[in-house]
Amino acid sequence: MDRNEKQQQLSLAKSSRHRCSEWIFRDVPSDITLEVSGVTFSLHKFPLVSRSGRIRKLVAEHRDSDISKVELLNLPGGAETFELAAKFCYGINFEITPSNVAQLCCVSDYLEMTEEYSKDNLGSRAEEYLESIVCKNLEVCVEVLQQCENLLPLADELKIVCRCIDAIASKACAEQIASSFSRLEYSSSGRLHMNRQAKCEGDWWIEDLSVLRIDLYQRVITAMKCRGVRPESIGVSLVNYAQKELTKKSSLWNPSSQTKVDLVSGSNGHEKLVVETIVGLLPVEKLAVPITFLFGLLRSAVMLDCTIACRLDLERRIGSQLDIATLDDLLIPSFRHAGDTLFDVDTVHRILVNFSQQDDSEDDMEDASVFESDSPHSPSQTALFKVAKLVDNYLAEIAPDANLKLAKFMVIADSLPAHARTIHDGLYRAIDIYLKAHQGLPETDRKKLCKLIDFQKLSQEAGAHAAQNERLPLQSIVQVLYFEQIRLRNSLCSSYGDEEGPKPATIHQSWRISSGALSAAMSPRDNYASLRRENRELKLELARLRMRLNDLEREHVCMKRDMEKSSSRKFMTSFSKKIGKLSFFGHSSSRGSSSPSKHSYRTDSKVIERTCASTD
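In this text the structure is predicted, and so the values were computed from the model without any measurement. (Residues numbered from 1 in each chain as written. Predicted model: local features only at pLDDT ≥ 70, side-chain atom pairs only at ≥ 80, totals over all residues. Heavy atoms only, no water.)

> Please provide a residue-by-residue account of the overall build of the protein chain, values included.
Scanning the protein chain from terminus to terminus reveals 27 helices and five strands. In the protein chain, the share of contacts with a sequence separation of at least 24, taken over all contacts with a separation of at least 6, comes to 72%. For the protein chain, the accessible surface area stands at approximately 34,900 Å², while carbon and sulfur atoms represent 53% of it. (Helix = DSSP H or I, 4+ residues; strand = E, 2+ residues; numbered from the N terminus. Contact = heavy atoms within 4.5 Å. Areas by Shrake-Rupley, 256 points an atom, 1.4 Å probe, with all protein chains shown as cover.)

> Please give an account of the sheet that holds strand β3 (residues 69–72) that cites residues and values.
Reading across from one edge, β2-β1-β3 is the order of the three strands in this open sheet, with mixed pairing throughout. Of all the strands in the sheet, just β2 (39–43) and β3 have a single pairing partner and so form its edges. The mean angle between the axes of side-by-side strands here comes to 25°, regardless of whether they run parallel or antiparallel. Where strand β1 (residues 32–36) lies against β3, four bridges are found, and the strand directions are parallel. (Pairing = 2+ DSSP bridges. Axes fitted to C-alpha atoms, helices over the stretch in contact; angles between N-to-C directions.)

> Mind laying out the nonpolar core, listing which residues take part and the relevant values?
One finds Phe82, Val144, Leu209, Met224 and Leu322 to be the most contacted residues of the largest nonpolar core, which totals 143 residues. Sorting elements by how many residues they give to this core places helix α18 (residues 379–398) first, with 10 residues. Not counting the four nearest positions on each side in its chain, Met224 is found in contact with Ile168, Ala169, Ala172, Trp205, Leu209, Val229 and Ile234. (Core = buried A, V, L, I, M, F, W, Y, C linked by side-chain atoms within 4.5 Å. Buried < 20%, exposed > 50% of the residue type's maximum accessible area, 1.4 Å probe, protein only.)

> I'd like a description of the pairing of β2, backed by residues and values.
Where burial is concerned, the two faces of β2 differ: the one with Val39, Phe41 and Leu43 is buried and the one with Thr40 and Ser42 is not. In this sheet, β2 lies alongside β1 in antiparallel orientation, the contact comprising five bridges. By the bridge assignment for β2, Leu34 is matched with Phe41. Here β1 hands over to β2 after two residues, with Ser37 in that stretch at a positive phi of 55°.

> Help me get a handle on the side chain of Gln321, residues and values and all.
When you line up the elements, Gln321 lands in the loop between α15 (308–320) and α16 (327–330). Residue classification places Gln321 among the buried residues on the basis of a relative accessible area of 7%. Apart from residues lying up to four places away in sequence, Gln321 is in contact with Leu287, Ile291 and Leu294.

> Quick rundown of unusual backbone geometry? Include the residues and the values.
The omega torsion of the bond from Leu152 to Pro153 falls at 5°, within 30 degrees of zero and hence cis. Relative to the helices and strands, Pro153 is located in the loop between α7 (138–148) and α8 (154–157). The backbone of Glu112 shows a phi angle near 60°, a positive value even though the residue is not glycine. For Glu112, the location among the structural elements is in the loop between α5 (101–111) and α6 (122–132). A relative accessible area of 24% places Glu112 in the partly exposed class. Its identity is not glycine, yet Leu287 carries a phi of approximately 65°, on the positive side. Examined against the element boundaries, Leu287 turns out to sit in the loop between α13 (265–281) and α14 (291–303). Assessed through its relative accessible area of 58%, Leu287 is described here as exposed.

> Go over the packing of aromatic side chains, please, and point to the residues and values.
Summed over the entire model, instances satisfying the criterion amount to four aromatic pairs. Both rings, one in Phe409 and one in Tyr434, keep their centres 4.6 Å apart while their planes meet at 25°; by these two values the pair is stacked. Of the two residues, Phe409 sits in helix α19 (residues 406–413) while Tyr434 sits in helix α20 (residues 425–437), which places them 25 residues apart along the sequence. The aromatic ring of Tyr110 is capped on one face by Arg54, whose charged end is 4.1 Å from the ring centroid. (Phe/Tyr/Trp six-rings, centres within 6.5 Å; stacked < 30°, edge-to-face > 60°. Lys NZ or Arg CZ within 6 Å of the ring centre and 35° of its normal.)

> Could you give an account of the pattern of salt bridges, naming the residues involved and the relevant values?
Note that side chains of opposite charge can pair when their charged atoms are close. For the structure on display, the rule yields 15 salt bridges. Close ionic contact of Arg350 with Glu315 constitutes a salt bridge, the shortest N to O distance being 3.0 Å. In this pair, Arg350 is assigned in helix α17 (residues 345–365) and Glu315 in helix α15, connecting sequence segments 35 residues apart. Taking the relative accessible area as the measure of exposure, Arg350 reaches 35% and is therefore partly exposed. Classification of Glu315 as buried rests on a relative accessible area of 2%. The network of salt bridges with common partners includes Glu127, Glu131 and Arg163. (Salt bridge = Lys/Arg side-chain N within 4 Å of Asp/Glu carboxyl O.)

> Give me the lowdown on the packing of α5 against α6, citing residues and values where you can.
Remark: α5 packs on α6, axes separated minimally by 9 Å, with the N-to-C direction vectors making an angle of 145°. Where α5 crosses over α6, the two elements pack in a sense that is left-handed. Contact with α5, carried on its side by Val101, Leu104, Cys105, Val107 and Ser108, involves Leu122, Gly123, Ala126, Glu127, Tyr129 and Leu130 of α6 and no other residues of that element. Classifying every residue of the contact of α5 with α6 gives eight nonpolar, two polar and one charged. (Left-handed = near helix turned anticlockwise from the far one by under 90°. Nonpolar A, V, L, I, M, F, W, Y, C, P; charged D, E, K, R; others polar.)

> Explain the confidence of the model for the protein chain to me, using residue names and the numbers behind them.
Residue-level pLDDT values for the protein chain average 77, and 69% of them are 70 or greater. Across residues 249–265, confidence stays below pLDDT 50; counting only partners more than four residues off in sequence or on other chains, it has 33 contacts. Below a pLDDT of 50 lies the segment residues 360–379, which in the model reaches 18 contacts outside its immediate sequence neighbourhood of four places, other chains included. (pLDDT = per-residue confidence, 0-100.)

> Got a sec to walk through helix α12 (residues 231–245)? Specific residues and values, please.
Under the 1.5 Å per step criterion, the end-to-end length of α12 is 21 Å for 15 residues, consistent within 8% with the ideal 21 Å. Within α12, the full set of buried residues consists of Ser233, Ile234, Gly235, Ser237, Leu238, Val239, Asn240, Tyr241 and Ala242. (Expected span 1.5 Å × (residues − 1).)

> Explain the state of the cysteines to me, using residue names and the numbers behind them.
Tallying each qualifying case throughout the model produces zero disulfides. Unpaired in terms of disulfides, Cys306 finds its nearest cysteine sulfur in Cys310, a separation of 4.7 Å. The buried category is assigned to Cys306, whose relative accessible area is 2%. (Disulfide = S-S within 2.5 Å.)

Below you can see the structure in the form of structure tokens.
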């Protein structure tokens, strides 16, 4: 390795001497030798001291000793950049480009090539190019930032980095606004709206930013957030950058892969820094990045042993949108312990806890008007149903693992509230797989496990299977047979009711059973909404009864007045016939109902009106 470095230095020195012989004064012998990064330059004092304040001071300090050799330590940009500065001192023209402007700014500061020592010096020339060319173009700013990676911290002190970052953030924000205006169009009704199907052309910079080093990339994304760049664009950029930087761990981004990856110590530190930085840059908005990407980051964080704060943040973000996850997402391999379970069950449990807590907090924040909704399920209830199905599939997937402890299996199965599952077929299937894979499980543990199943919520097929399942405890089989008998009895009662009409007692009993099952399958918020609706219906029914009562009182007054006017038998006979037509509980057509129908109410009102009219 040392021989290669020496050969490179010798070849660089030869090429530099060859280049210097082409542009220095050949007819005047050199009177000073400068050494930069192991490369020597035989030059002349006069052109150098006329432009560089640093060299002028060095020569002035050693005027008595007649200095002939000077070593310039830690010169930014190395020998190549110094050669450009020397050419400028000799008056030789060269082009300032995005690939050398940052080096020229730094070397001019190092050599003190300012306006104090010469007009239109190298520092002012490079500064003018940086202001007029670099800061006007986003791509050029990215290229200059890439050059600044080897010039820190001097490039930061000279404000080169922050000016390029501000320019990139401003340009990206301005182009997004312009692209948003281009997508505005008028609808058929004449209203102005945004065409979401049109392609957004303001995010072309995403690919350009992926070439930056992670520390500069972090500063650019932070500046973009402050400027108001869309969270979706930030998310796409983070996904693109992570996939490029973490390609060596390709299995991390393959959810179906279960193979353990050997850690490469050389790249471990860099990839760990990349993961932790990207997690810190994630937008706070939901769905700004795909949930599959969040799971990929979580796998990387677990495998690379990232900080606890990093992993908890990812688990919290995943928990807030767990209802859109898939089974492959949840299958996180267990990287850290060879003799433990195949999958990281503890991480999944923490994700489920985050989902449940997020669901409760959203319920508390909801306004009371939500309870007035006529929809059968709220969005949180729909999310619960999806996550419950996902958890049941996950349990069935991890159940065959021989190393999976009963406590870990049960804590996953019991992590959701009771009303999250309307049907327990999936949970029963997972428990049956676990019992089959762990046949040596004690009877007490099998009973404890089967208590998680509500056998009343099994379908007919699952109930028939459970009734003949020898792996279940005897107590569970008895419960299954009992609920199957109740279900058969209810089905027979309903079939008789369709033919002859059910008895009131049968109706009330079936109503209690169905309402109990419904309330168990509904969340407390939906139960409250149902009770509110029933309360309103009862109030309306009481109002109708009061109106009927007022009508009867009015009719009683009419009858009393008629009795005073006439005592003939003919009137009493007609009056008794009219009284017989009145029925407080409605007509016989409303059999089985405890409330009068609107038709019977209208009929009774007409009878009362005709009676009053005839007596008058």
